[in-house]
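# Residue-level structural notes
Spelled out, the chains give:
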Amino acid sequence: MPETSFRAMQESIINGAPDTASALAQAALTEGIPPLDAINEGYVPGMHAIGEQFAQGKMFLPDMMASAEAMRAAMAVLEPELKKLGAERPSAGTVVLGTTKGDIHEIGKVLVGTLLTAHGFRVVDLGIDVSGERFASKARDLKADIVGVSALLTTTMKNQRSVVEALDRAGLRPQVKIIVGGAPVTRRWAEEIGADGYAKDAMSAVSLAQELMAQKATPVAAT
Ligand code: B12
(Lines give C-alpha, C1' and ligand atoms only; values in the text may rest on other atoms or scores of the structure.)
Protein backbone atom coordinates (compact mmCIF):
# COMPACT_ATOMS: atom_id res chain seq x y z
CA MET A 1 0.00 0.00 0.00
CA PRO A 2 2.54 2.60 -1.07
CA GLU A 3 0.07 5.56 -1.04
CA THR A 4 -0.40 5.32 2.73
CA SER A 5 3.33 4.72 3.21
CA PHE A 6 4.21 7.77 1.11
CA ARG A 7 1.80 9.91 3.12
CA ALA A 8 3.32 8.66 6.39
CA MET A 9 6.81 9.45 5.06
CA GLN A 10 5.72 12.96 4.15
CA GLU A 11 4.28 13.45 7.63
CA SER A 12 7.43 12.17 9.32
CA ILE A 13 9.33 14.99 7.55
CA ILE A 14 6.74 17.67 8.33
CA ASN A 15 6.69 16.55 11.98
CA GLY A 16 10.49 16.45 12.12
CA ALA A 17 10.48 12.86 13.39
CA PRO A 18 13.78 11.12 12.51
CA ASP A 19 12.97 7.81 14.19
CA THR A 20 9.68 7.47 12.31
CA ALA A 21 11.30 8.58 9.04
CA SER A 22 14.02 5.97 9.47
CA ALA A 23 11.59 3.18 10.46
CA LEU A 24 9.40 3.92 7.43
CA ALA A 25 12.44 3.80 5.14
CA GLN A 26 13.39 0.44 6.58
CA ALA A 27 9.82 -0.82 6.13
CA ALA A 28 9.82 0.43 2.52
CA LEU A 29 12.94 -1.61 1.75
CA THR A 30 11.42 -4.68 3.38
CA GLU A 31 8.22 -4.25 1.36
CA GLY A 32 10.20 -3.88 -1.87
CA ILE A 33 9.30 -0.23 -2.49
CA PRO A 34 12.09 1.15 -4.72
CA PRO A 35 14.23 3.56 -2.62
CA LEU A 36 13.97 6.28 -5.28
CA ASP A 37 10.15 6.13 -5.16
CA ALA A 38 10.26 6.49 -1.38
CA ILE A 39 12.49 9.57 -1.74
CA ASN A 40 10.62 11.24 -4.59
CA GLU A 41 7.06 10.41 -3.61
CA GLY A 42 7.41 10.17 0.17
CA TYR A 43 10.12 12.29 1.70
CA VAL A 44 10.81 15.09 -0.82
CA PRO A 45 7.16 16.28 -0.92
CA GLY A 46 7.47 16.60 2.86
CA MET A 47 10.48 18.91 2.43
CA HIS A 48 8.55 21.01 -0.08
CA ALA A 49 5.59 21.27 2.29
CA ILE A 50 7.79 22.47 5.15
CA GLY A 51 9.45 25.02 2.83
CA GLU A 52 6.06 26.46 1.87
CA GLN A 53 4.94 26.66 5.47
CA PHE A 54 8.19 28.41 6.38
CA ALA A 55 7.65 30.94 3.57
CA GLN A 56 4.14 31.61 4.89
CA GLY A 57 5.43 32.14 8.43
CA LYS A 58 3.61 29.05 9.73
CA MET A 59 6.85 27.19 10.53
CA PHE A 60 10.16 28.49 11.83
CA LEU A 61 13.85 27.75 11.51
CA PRO A 62 13.92 25.05 14.26
CA ASP A 63 11.04 23.27 12.47
CA MET A 64 12.99 23.33 9.20
CA MET A 65 16.05 21.97 11.04
CA ALA A 66 14.02 19.14 12.57
CA SER A 67 12.65 18.26 9.12
CA ALA A 68 16.17 18.23 7.68
CA GLU A 69 17.18 15.88 10.49
CA ALA A 70 14.30 13.54 9.65
CA MET A 71 15.26 13.64 5.95
CA ARG A 72 18.84 12.74 6.85
CA ALA A 73 17.64 9.79 8.95
CA ALA A 74 15.61 8.44 6.01
CA MET A 75 18.49 8.98 3.58
CA ALA A 76 20.88 7.12 5.90
CA VAL A 77 18.74 4.00 5.36
CA LEU A 78 18.04 4.47 1.64
CA GLU A 79 21.40 5.78 0.37
CA PRO A 80 23.42 2.55 0.74
CA GLU A 81 20.77 0.68 -1.26
CA LEU A 82 20.91 3.24 -4.08
CA LYS A 83 24.71 3.32 -4.12
CA LYS A 84 24.96 -0.49 -4.36
CA LEU A 85 23.61 -0.24 -7.91
CA GLY A 86 26.59 1.86 -9.01
CA ALA A 87 29.27 -0.51 -7.73
CA GLU A 88 28.40 -2.97 -10.50
CA ARG A 89 28.86 -0.48 -13.36
CA PRO A 90 31.99 0.66 -15.21
CA SER A 91 33.07 4.19 -14.25
CA ALA A 92 30.96 6.77 -16.06
CA GLY A 93 33.17 9.76 -15.18
CA THR A 94 34.31 11.88 -12.24
CA VAL A 95 32.04 14.54 -10.74
CA VAL A 96 33.15 17.12 -8.19
CA LEU A 97 30.08 18.28 -6.32
CA GLY A 98 29.40 20.99 -3.75
CA THR A 99 27.11 23.69 -2.41
CA THR A 100 28.20 27.18 -3.25
CA LYS A 101 29.87 29.71 -0.94
CA GLY A 102 27.58 31.13 1.76
CA ASP A 103 25.05 28.30 1.48
CA ILE A 104 24.67 25.40 3.89
CA HIS A 105 21.81 23.48 2.21
CA GLU A 106 22.99 20.01 1.31
CA ILE A 107 20.11 17.54 1.16
CA GLY A 108 19.40 17.97 -2.56
CA LYS A 109 23.09 17.99 -3.45
CA VAL A 110 23.67 14.77 -1.48
CA LEU A 111 20.75 13.19 -3.33
CA VAL A 112 22.25 14.23 -6.67
CA GLY A 113 25.57 12.69 -5.59
CA THR A 114 23.90 9.46 -4.49
CA LEU A 115 22.08 9.00 -7.80
CA LEU A 116 25.19 9.83 -9.81
CA THR A 117 27.07 7.21 -7.76
CA ALA A 118 24.23 4.76 -8.38
CA HIS A 119 24.76 5.31 -12.10
CA GLY A 120 28.49 4.60 -12.01
CA PHE A 121 29.96 8.09 -11.57
CA ARG A 122 32.83 8.65 -9.15
CA VAL A 123 31.52 11.48 -7.00
CA VAL A 124 33.71 13.65 -4.80
CA ASP A 125 31.49 15.77 -2.55
CA LEU A 126 33.24 18.90 -1.29
CA GLY A 127 30.36 19.65 1.10
CA ILE A 128 28.79 23.04 1.76
CA ASP A 129 29.99 26.68 1.60
CA VAL A 130 32.52 25.89 -1.14
CA SER A 131 34.40 28.72 -2.88
CA GLY A 132 35.00 28.91 -6.62
CA GLU A 133 38.74 28.49 -6.06
CA ARG A 134 38.23 25.27 -4.12
CA PHE A 135 35.97 23.85 -6.83
CA ALA A 136 38.65 24.72 -9.39
CA SER A 137 41.61 23.29 -7.48
CA LYS A 138 39.79 20.04 -6.70
CA ALA A 139 38.58 19.72 -10.30
CA ARG A 140 42.19 20.05 -11.45
CA ASP A 141 43.64 17.63 -8.85
CA LEU A 142 40.99 14.99 -9.48
CA LYS A 143 40.89 15.47 -13.27
CA ALA A 144 37.14 15.96 -12.98
CA ASP A 145 34.90 15.58 -16.02
CA ILE A 146 32.04 17.51 -14.43
CA VAL A 147 31.68 20.06 -11.65
CA GLY A 148 28.21 20.25 -10.06
CA VAL A 149 27.25 23.34 -8.08
CA SER A 150 24.18 23.54 -5.86
CA ALA A 151 22.56 26.75 -4.54
CA LEU A 152 19.31 26.97 -2.56
CA LEU A 153 19.19 30.68 -1.84
CA THR A 154 18.55 33.51 -4.27
CA THR A 155 21.44 35.29 -2.53
CA THR A 156 23.95 32.48 -3.15
CA MET A 157 22.96 31.70 -6.74
CA LYS A 158 25.36 34.39 -7.93
CA ASN A 159 28.21 32.38 -6.45
CA GLN A 160 27.54 29.73 -9.10
CA ARG A 161 28.78 32.33 -11.55
CA SER A 162 31.95 32.67 -9.43
CA VAL A 163 32.57 28.95 -9.87
CA VAL A 164 32.30 29.26 -13.66
CA GLU A 165 34.73 32.20 -13.53
CA ALA A 166 37.17 30.36 -11.23
CA LEU A 167 37.28 27.37 -13.60
CA ASP A 168 37.79 29.77 -16.49
CA ARG A 169 40.70 31.47 -14.74
CA ALA A 170 42.25 28.08 -13.98
CA GLY A 171 42.08 27.24 -17.70
CA LEU A 172 39.89 24.20 -17.00
CA ARG A 173 36.81 25.08 -19.05
CA PRO A 174 37.74 23.14 -22.21
CA GLN A 175 37.82 19.81 -20.36
CA VAL A 176 35.44 20.33 -17.40
CA LYS A 177 31.67 20.66 -17.83
CA ILE A 178 29.77 22.68 -15.23
CA ILE A 179 26.24 21.80 -14.15
CA VAL A 180 24.09 23.80 -11.76
CA GLY A 181 20.93 23.18 -9.76
CA GLY A 182 18.97 23.98 -6.61
CA ALA A 183 15.41 25.17 -5.99
CA PRO A 184 15.77 28.79 -7.25
CA VAL A 185 18.00 27.89 -10.22
CA THR A 186 16.62 27.84 -13.78
CA ARG A 187 17.84 26.79 -17.20
CA ARG A 188 17.92 30.44 -18.19
CA TRP A 189 20.18 31.28 -15.24
CA ALA A 190 22.51 28.42 -16.19
CA GLU A 191 22.80 29.84 -19.71
CA GLU A 192 23.32 33.36 -18.41
CA ILE A 193 26.31 32.38 -16.25
CA GLY A 194 27.85 30.17 -18.94
CA ALA A 195 27.26 26.80 -17.26
CA ASP A 196 26.97 23.73 -19.50
CA GLY A 197 23.70 22.48 -18.07
CA TYR A 198 20.90 22.68 -15.55
CA ALA A 199 18.79 19.93 -14.03
CA LYS A 200 15.68 20.33 -11.93
CA ASP A 201 16.11 17.16 -9.88
CA ALA A 202 18.52 14.34 -9.13
CA MET A 203 17.30 11.95 -11.84
CA SER A 204 17.53 14.68 -14.49
CA ALA A 205 21.01 15.49 -13.18
CA VAL A 206 22.04 11.91 -14.01
CA SER A 207 20.69 12.15 -17.59
CA LEU A 208 22.39 15.52 -18.01
CA ALA A 209 25.73 14.18 -16.75
CA GLN A 210 25.42 11.18 -19.10
CA GLU A 211 24.68 13.49 -22.07
CA LEU A 212 27.66 15.70 -21.26
CA MET A 213 29.94 12.66 -21.00
CA ALA A 214 28.71 11.50 -24.42
CA GLN A 215 29.46 14.98 -25.83
CA LYS A 216 32.96 14.85 -24.33
CA ALA A 217 33.56 11.49 -25.99
CA THR A 218 32.47 12.75 -29.43
CA PRO A 219 33.10 16.51 -29.56
CA VAL A 220 31.05 18.30 -32.21
CA ALA A 221 33.38 19.68 -34.87
CA ALA A 222 33.46 23.49 -34.94
CA THR A 223 31.81 24.98 -38.01
C1 B12 B 1 15.80 21.99 4.75
C2 B12 B 1 15.94 23.48 4.55
C3 B12 B 1 16.89 24.14 5.35
C4 B12 B 1 17.83 23.41 6.31
C5 B12 B 1 19.01 22.83 5.48
C6 B12 B 1 19.57 21.56 6.13
C7 B12 B 1 20.57 20.86 5.26
N8 B12 B 1 21.48 20.19 5.95
O9 B12 B 1 20.56 20.86 4.06
C10 B12 B 1 18.25 24.58 7.27
C11 B12 B 1 17.26 24.58 8.42
C12 B12 B 1 19.68 24.52 7.82
C13 B12 B 1 17.99 25.80 6.38
C14 B12 B 1 18.57 27.03 6.59
C15 B12 B 1 18.19 28.19 5.91
N16 B12 B 1 17.24 28.30 4.99
CO17 B12 B 1 16.43 26.79 4.16
N18 B12 B 1 15.25 25.46 3.40
C19 B12 B 1 15.15 24.18 3.59
C20 B12 B 1 13.99 23.62 2.72
C21 B12 B 1 12.76 23.47 3.64
C22 B12 B 1 14.20 22.30 2.02
C23 B12 B 1 15.46 22.20 1.15
C24 B12 B 1 15.63 20.75 0.75
O25 B12 B 1 16.38 20.02 1.38
N26 B12 B 1 14.80 20.27 -0.22
C27 B12 B 1 14.77 18.87 -0.64
C28 B12 B 1 15.76 18.60 -1.75
C29 B12 B 1 15.65 17.15 -2.18
O30 B12 B 1 15.44 19.44 -2.83
P31 B12 B 1 16.48 20.51 -3.44
O32 B12 B 1 17.40 20.97 -2.38
O33 B12 B 1 15.73 21.53 -4.20
O34 B12 B 1 17.36 19.65 -4.44
C35 B12 B 1 16.86 19.08 -5.64
C36 B12 B 1 16.98 19.99 -6.87
O37 B12 B 1 16.98 21.37 -6.56
C38 B12 B 1 18.21 19.51 -7.59
N39 B12 B 1 19.53 20.01 -7.19
C40 B12 B 1 19.96 20.46 -5.99
N41 B12 B 1 21.27 20.73 -6.03
C42 B12 B 1 21.71 20.45 -7.26
C43 B12 B 1 22.98 20.53 -7.85
C44 B12 B 1 23.15 20.20 -9.18
C45 B12 B 1 24.50 20.29 -9.77
C46 B12 B 1 22.03 19.77 -9.94
C47 B12 B 1 22.21 19.45 -11.37
C48 B12 B 1 20.76 19.66 -9.37
C49 B12 B 1 20.61 20.00 -8.04
O50 B12 B 1 18.18 18.12 -7.33
C51 B12 B 1 17.80 17.91 -5.95
C52 B12 B 1 17.20 16.55 -5.79
O53 B12 B 1 16.05 16.33 -6.55
C54 B12 B 1 13.84 24.78 1.66
C55 B12 B 1 12.48 24.86 0.97
C56 B12 B 1 12.53 24.45 -0.49
N57 B12 B 1 11.37 24.30 -1.09
O58 B12 B 1 13.57 24.29 -1.11
C59 B12 B 1 14.22 25.99 2.51
C60 B12 B 1 14.74 27.26 1.82
C61 B12 B 1 15.69 26.92 0.68
N62 B12 B 1 15.53 27.96 2.93
C63 B12 B 1 15.34 29.20 2.92
C64 B12 B 1 15.94 30.07 3.87
C65 B12 B 1 15.50 31.54 3.81
C66 B12 B 1 16.91 29.61 4.78
C67 B12 B 1 17.71 30.47 5.78
C68 B12 B 1 18.26 31.79 5.23
C69 B12 B 1 16.79 30.69 7.00
C70 B12 B 1 17.34 31.61 8.08
N71 B12 B 1 16.58 32.66 8.34
O72 B12 B 1 18.37 31.38 8.63
C73 B12 B 1 18.85 29.51 6.18
C74 B12 B 1 20.06 29.66 5.22
C75 B12 B 1 21.36 29.31 5.80
C76 B12 B 1 22.45 29.34 4.73
N77 B12 B 1 23.36 30.26 4.82
O78 B12 B 1 22.46 28.53 3.82
C79 B12 B 1 14.42 29.68 1.80
C80 B12 B 1 15.20 30.35 0.65
C81 B12 B 1 14.50 31.59 0.12
C82 B12 B 1 15.24 32.19 -1.03
N83 B12 B 1 14.50 32.46 -2.07
O84 B12 B 1 16.41 32.41 -1.03
C85 B12 B 1 13.66 28.37 1.43
C86 B12 B 1 13.21 28.29 -0.06
C87 B12 B 1 12.41 28.28 2.35
C88 B12 B 1 11.35 29.31 2.01
N89 B12 B 1 10.33 28.90 1.28
O90 B12 B 1 11.46 30.45 2.38
N91 B12 B 1 17.11 25.50 5.38
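Report on the accompanying structure. (Residues numbered from 1 in each chain as written. Predicted model: local features only at pLDDT ≥ 70, side-chain atom pairs only at ≥ 80, totals over all residues. Heavy atoms only, no water.)

### Section: helix α6 (residues 132–141)
Stated precisely, the cut-off is as follows: Three labels apply to residues, based on accessible area from a 1.4 Å probe with only protein chains included: buried if under 20% of the type maximum, exposed if over 50%, partly exposed otherwise in between. A run of H or I in DSSP becomes a helix once it reaches four residues, and a run of E becomes a strand once it reaches two; helices and strands are each numbered from the N terminus. The directions from the helix axis to the C-beta atoms are what the arc is built from. Only heavy atoms enter the contact rule, under which two residues are in contact if any of them lie within 4.5 Å.
Looking at α6, one finds that the buried residues are G132, F135, A136 and A139. Relative to the axis of α6, the buried residues are bounded by an arc of 95° and lie together on one face. Close packing links the buried residues of α6 with β1 (93–99), β3 (146–150) and α7 (158–169). A positive backbone phi angle near 50° is found at K143, which sits one or two residues after α6.

### Digging into the coordination of the cobalt atom of the ligand
Test applied: Metal coordination here is assigned from N, O and S atoms located within 2.8 Å of the ion, or within 3.2 Å for Na, K and Ca; omission of water means that sites may look incomplete.
For the cobalt atom of the ligand, the protein supplies a single donor, H105 (NE2), at a distance of 2.3 Å. Mapped onto the secondary structure, H105 falls in the loop between β1 and α5 (107–118).

### Some details on the pattern of salt bridges
Any two side chains of opposite charge can pair if their charged atoms end up close together. Applicable threshold: A carboxyl oxygen of Asp or Glu within 4 Å of a side-chain nitrogen of Lys or Arg is what we treat as a salt bridge.
For the structure shown, the criterion picks out 10 salt bridges. Notably, a salt bridge pairs D125 with K109, separated by 3.0 Å at the nearest N-O pair. Residue D125 is located in strand β2 (residues 121–125), and its partner K109 is located in helix α5; the two are separated by 16 residues in the primary sequence. For the salt bridge of E192 with R161, the shortest nitrogen-to-oxygen distance reads 3.5 Å.

### Here we look at the site of the ligand
Here is the rule: By convention in these notes, a residue is near a molecule or strand provided one of its non-hydrogen atoms lies within 4 Å of it. In protein, a polar contact means a hydrogen-donor-capable atom and an acceptor-capable atom, both N or O and within 3.5 Å, with residues adjacent in sequence counting only if both atoms are side-chain atoms; elsewhere, any N or O pair within 3.5 Å suffices.
For the ligand, the set of nearby residues contains 37 residues, the closest of which are I104, H105, E106, S150 and T154. Take R72: an N or O atom from its side chain is 3.3 Å from a nitrogen atom of the ligand. I107 is positioned such that a nitrogen or oxygen atom in its backbone is 3.4 Å from an oxygen atom of the ligand. For the shell around the ligand, the secondary-structure elements that each account for two or more residues are α3 (35–55), α4 (61–87), α5, β3, β4 (177–181) and α9 (202–217).

### Overview of helix α1 (residues 2–14)
Given 3.6 residues per turn, any residue in an α-helix points the same way as the ones three and four places further on. As a reminder, the rule being used: Working rule for helices: expected span equals 1.5 Å times residues minus one.
Taking 1.5 Å per residue as the helical rise, α1 with its 13 residues ought to reach 18 Å, and the 18 Å between its terminal C-alpha atoms agrees with that figure. When α1 is considered as a whole, its buried residues turn out to be S5, F6, M9, S12 and I13. Taken down its axis, α1 places every buried residue within 120° of arc, on the same side. What points out from α1, more than 90 degrees from its buried face, is the exposed set E3, T4 and R7. Those residues of α1 that are buried are in contact with α2 (18–31), α3 and α4.

### What to know about the side chain of T94
For T94, the location among the structural elements is in strand β1. Given a relative accessible area of 9%, T94 falls into the buried group. Among the polar contacts made by the side chain of T94, one reaches the side chain of R122 at a distance of 3.3 Å. Not counting residues up to four positions away in its chain, the partners in contact with T94 are R122, L142, K143, A144, D145 and I146.

### Quick notes on the pairing of β1
Sheet faces and side chains relate simply in a regular strand, where the side chains alternate between the two faces. Spelled out, the test is: Strand pairing is assigned whenever DSSP identifies at least 2 bridges connecting the two strands. When the strands point away from the viewer, a crossover counts as right-handed if the route from the first strand across the helix to the second turns clockwise.
Of all the 7 residues making up β1, 7 are buried; the element is thus mostly covered by neighbouring parts of the structure. Alternating residues of β1 divide into G93, V95, L97 and T99 and T94, V96 and G98, and every residue in both groups is buried. Sheet topology note: the β1/β2 ladder contains 5 bridges and is parallel. Within the sheet, the bridge partner assigned to G93 lies in β2 and is F121. In this view, the connection linking β1 to its parallel neighbour β2 by way of α5 has right-handed handedness. In this sheet, β3 lies alongside β1 in parallel orientation, the contact comprising 5 bridges. Directly across from T99, in β3, lies its bridge partner S150.

Without other data, these values stay purely geometric and don't point to any function.
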